[in-house]
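Observations on chain architecture
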Amino acid sequence: MEENQEQSGAFDIELTEEIAEGTYSNFAIITHSQTEFIIDFIRMMPGVPKGRVKSRIILAPQHAKRLLMALGDNVGRYEDHFGEIPFDENQPSMPSNTVPFGFGGPTGQA
């Protein structure tokens, strides 16, 4: 890392037009091993029996924890500004013992 980046905390990051468009996901499957977390972002469409993985992100455990903290902070700031995000705990979910793509380890969901 360059000296000026260390002092300012800024990073030089490129965002291409294609990536800037984003990808819609309305379901995520999170799995982990001892050394990494894998988050599969999936698009489920009404009337279509099979969802499609649109993106897979692989993170070191330390980066997964940083993501968790950053997302919690951003959700808190969002709710402070726009009000509480409604959450239906009765919404159907994937069985907790389902592990996608043959990757071992416990499964969570978001």
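Residues numbered from 1 in each chain as written. Predicted model: local features only at pLDDT ≥ 70, side-chain atom pairs only at ≥ 80, totals over all residues. Heavy atoms only, no water.

Our focus in this paragraph is the overall build of the protein chain. Along the backbone of the protein chain there are three helices and four strands. The order of α-helices and β-strands along the protein chain, N terminus first, is α-α-β-β-β-α-β. Here the contacts in the protein chain between residues at least 6 apart in sequence split such that 37% fall between residues at least 24 apart. Roughly 9400 Å² of accessible area belongs to the protein chain as shown, and the carbon and sulfur atoms make up 55% of that amount. (Helix = DSSP H or I, 4+ residues; strand = E, 2+ residues; numbered from the N terminus. Contact = heavy atoms within 4.5 Å. Areas by Shrake-Rupley, 256 points an atom, 1.4 Å probe, with all protein chains shown as cover.)

A separate point is the pairing of strand β1 (residues 27-32). Pairing of β1 with strand β2 (residues 37-43) involves six bridges; the strand directions are antiparallel. Looking at β2, one finds that Ala28 is bridged to Phe41. Where β1 folds back onto β2 in an antiparallel hairpin, the turn is made up of four residues. (Pairing = 2+ DSSP bridges.)

Let's shift gears to the packing of aromatic side chains. Going through the model one piece at a time under the given rule, you end up with one aromatic pair. An angle of 40° between the planes, with centres 4.8 Å apart, marks the rings of Tyr78 and Phe82 as tilted. Pair noted here: Tyr78 and Phe82 are both in helix α3 (residues 61-82), with a separation of four residues, about one helical turn. We classify Phe82 as exposed; its relative accessible area is 57%. (Phe/Tyr/Trp six-rings, centres within 6.5 Å; stacked < 30°, edge-to-face > 60°. Buried < 20%, exposed > 50% of the residue type's maximum accessible area, 1.4 Å probe, protein only.)

So, on to the confidence of the model for the protein chain. Detail in the predicted coordinates should be disregarded across regions flagged by low pLDDT. For the protein chain, per-residue confidence averages 84 on the pLDDT scale, and residues scoring 70 or more make up 75% of the total. Mean pLDDT per element in the protein chain: helix α1 (residues 3-8) is the minimum at 54, and α3 is the maximum at 98. In the model, residues 95-104 has pLDDT below 50 throughout and makes 18 contacts with residues more than four positions away in sequence or in other chains. (pLDDT = per-residue confidence, 0-100.)

Turning to α3, a few remarks are in order. Between the first and last C-alpha of α3 there are 31 Å, a value that for 22 residues agrees with the 32 Å anticipated at 1.5 Å per step. At the C-terminal side of α3, Gly83 shows a positive phi close to 100°. (Expected span 1.5 Å × (residues − 1).)

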